[in-house]
Amino acid sequence: MATEGIEAVFLETHNWGRAAKFFQSLGFELEFATDHNSGQLRNGDGPHVFIAEVPEDQEPRVRIALKVPDAETFRPDPAVEVVTPFESTHYGTREMTVRDPDGRLWSLQAPADD
């Protein structure tokens, strides 16, 4: 089984409000905001952007999550280095981390178990 394209972009920022307004000015709509300076935006049927505010002393990062339809049946090719196997997240998904040949980390995201 292969991945099904990009599921989400996770963006860290030093200013949640300013980052959300930037994406809204590009046509993204706010799907929800949390009470801890984060939220999710989407533009049409494409991947969502989840923005989370981090402290000023932390370097903001970007992470791309690839969509996996079923964590239980997904088996990466042996050439793919699995850094962490699928684990449940606090936001209702299961995520695996893999490393590409240049050392970048990628998230694979699947729906949570029912």
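One can find the structure itself at the top, above this paragraph.
The notes below deal with the structure included here.

Rules used in this analysis
- Residues numbered from 1 in each chain as written.
- Predicted model: local features only at pLDDT ≥ 70, side-chain atom pairs only at ≥ 80, totals over all residues.
- Heavy atoms only, no water.
- Helix = DSSP H or I, 4+ residues; strand = E, 2+ residues; numbered from the N terminus.
- Buried < 20%, exposed > 50% of the residue type's maximum accessible area, 1.4 Å probe, protein only.
- Contact = heavy atoms within 4.5 Å.
- Areas by Shrake-Rupley, 256 points an atom, 1.4 Å probe, with all protein chains shown as cover.
- Lys, Arg positive; Asp, Glu negative; His and termini not counted.
- Charge placed at Lys NZ, Arg CZ, Asp CG, Glu CD.
- Phe/Tyr/Trp six-rings, centres within 6.5 Å; stacked < 30°, edge-to-face > 60°.
- Lys NZ or Arg CZ within 6 Å of the ring centre and 35° of its normal.
- Salt bridge = Lys/Arg side-chain N within 4 Å of Asp/Glu carboxyl O.
- 1 Å grid on protein atoms, 1.4 Å probe; cavity = no way out; pocket = protein on both sides within 12 Å on 5 of 7 lines; lining within 4 Å.
- Points joined across faces, edges and corners; volume = space filled by probe spheres on them.
- Nonpolar A, V, L, I, M, F, W, Y, C, P; charged D, E, K, R; others polar.

Scanning the chain from terminus to terminus reveals one helix and eight strands. Listed N to C, the secondary structure of the chain is β-α-β-β-β-β-β-β-β in terms of helices and strands. Buried residues in the chain amount to 32% of all 114 residues. Considering only intrachain contacts with a sequence separation of at least 6, the fraction spanning at least 24 residues in the chain is 48%. Surface accessibility of the chain: about 7,400 Å² in total, with carbon and sulfur atoms responsible for 52%. Across the chain, the mean location of the 10 positive side-chain charges is 2 Å away from that of the 21 negative side-chain charges.

This part takes up the packing of aromatic side chains. Per the counting criterion, the structure on display carries five aromatic pairs. Plain terms: the ring middles of F32 and F50 are 6.3 Å apart, the flat faces sit at 50° to each other, and that makes the pair tilted. Placement of the pair is F32 in strand β2 (residues 29-33) and F50 in strand β4 (residues 48-53), with a sequence separation of 18 residues. Relative accessible area serves as the criterion here: at 37%, F32 is assigned to the partly exposed category. With 6.2 Å between their ring centres and 85° between their planes, F74 and F86 make a pair best called edge-to-face. Of the two residues, F74 is situated in the loop between β5 (62-67) and β6 (81-88) and F86 in strand β6; the sequence distance between them amounts to twelve residues. Given the relative accessible area of 13%, F86 is considered buried. An aromatic cluster is defined as three or more aromatic residues linked by ring pairs; in this entry it consists of F10, F32 and F50. Against the face of F10 rests R63, its NZ or CZ located 4.4 Å from the ring centre.

Counted by the stated rule, this structure contains seven salt bridges. Residue R63 is joined to E95 by a salt bridge in which the shortest nitrogen-to-oxygen separation is 3.2 Å. Highlighted residues: R63 in strand β5 and E95 in strand β7 (residues 93-99), separated in sequence by 32 residues. Judged by its relative accessible area of 28%, R63 falls in the partly exposed class. D100 is paired through a salt bridge with R104; the nearest N and O atoms lie 2.9 Å apart. With relative accessibility at 15%, the residue D100 sits in the buried group.

For the largest pocket, the calculated volume is near 690 Å³. Forming the walls of the largest pocket are 24 residues, and the residues nearest its centre are F10, F50, A52, R63 and Y91. Those elements that provide at least two residues to the lining of the largest pocket are β1 (6-13), β3 (38-42), β4, β5, β7 and β8 (105-111). Residue classes in the lining of the largest pocket are distributed as eight nonpolar, eleven polar and five charged.

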